[in-house]
Amino acid sequence: DKNKEYNYVGIRAKAIVPAYNNPVSEDEFAFEYTINNIIEDTFNYILMISPADNNCTSPIMWEIPKNQYDKIISNNTIAKIKKQNILFLK
């Protein structure tokens, strides 16, 4: 509901995907990001990212498989997420 005010957004770390140069569909939200921190896990890298043009006060966690890390980091600065995967919280 566009008339409601939300204080927080919940996003699953694995629901974020790289946008590359692919068009963004109507059911997706895309944003340019900067990487704040990279954490290596057993099978994944966890990127702590911040939207480049937003007043986001907390970083967003993005979990990517190790075998996709180099491709995502070297060729991408835009991420996207399906709108259905965004949880608006008060």
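Predicted, not measured: the structure shown is a model, and the values here were computed from it. (Residues numbered from 1 in each chain as written. Predicted model: local features only at pLDDT ≥ 70, side-chain atom pairs only at ≥ 80, totals over all residues. Heavy atoms only, no water.)

With that settled, the discussion passes to the sheet that holds strand 2 (residues 17-18). Across the sheet, which stays open at both edges, the five strands sit in the order 2-6-3-4-5 with antiparallel pairing between neighbours. A single partner strand is all that each edge strand has here, and the edge strands are strand 2 and strand 5 (60-65). In terms of strand pairing, strand 2 meets strand 6 (residues 78-82) through two bridges, oriented antiparallel. Bridge pairing in strand 6 links proline 18 to alanine 79. (Pairing = 2+ DSSP bridges. Helix = DSSP H or I, 4+ residues; strand = E, 2+ residues; numbered from the N terminus.)

Right, let's get into the pattern of salt bridges. Taken as a whole and judged by the stated rule, the model has four salt bridges. The salt bridge partner of lysine 82 is aspartate 27, with a shortest N-O separation of 3.4 Å. Of this pair, lysine 82 sits in strand 6 while aspartate 27 sits in the loop between strand 2 and strand 3 (28-40), placing them 55 residues apart in sequence. Judged by relative accessible area, aspartate 27 falls into the partly exposed class, the value being 37%. Here lysine 80 makes a salt bridge to glutamate 28, at a shortest N to O gap of 3.5 Å. Residue lysine 80 is found in strand 6, and its partner glutamate 28 is found in strand 3; the two are separated by 52 residues along the sequence. Accessibility assignment for this pair places lysine 80 and glutamate 28 in one class, buried. (Salt bridge = Lys/Arg side-chain N within 4 Å of Asp/Glu carboxyl O. Buried < 20%, exposed > 50% of the residue type's maximum accessible area, 1.4 Å probe, protein only.)

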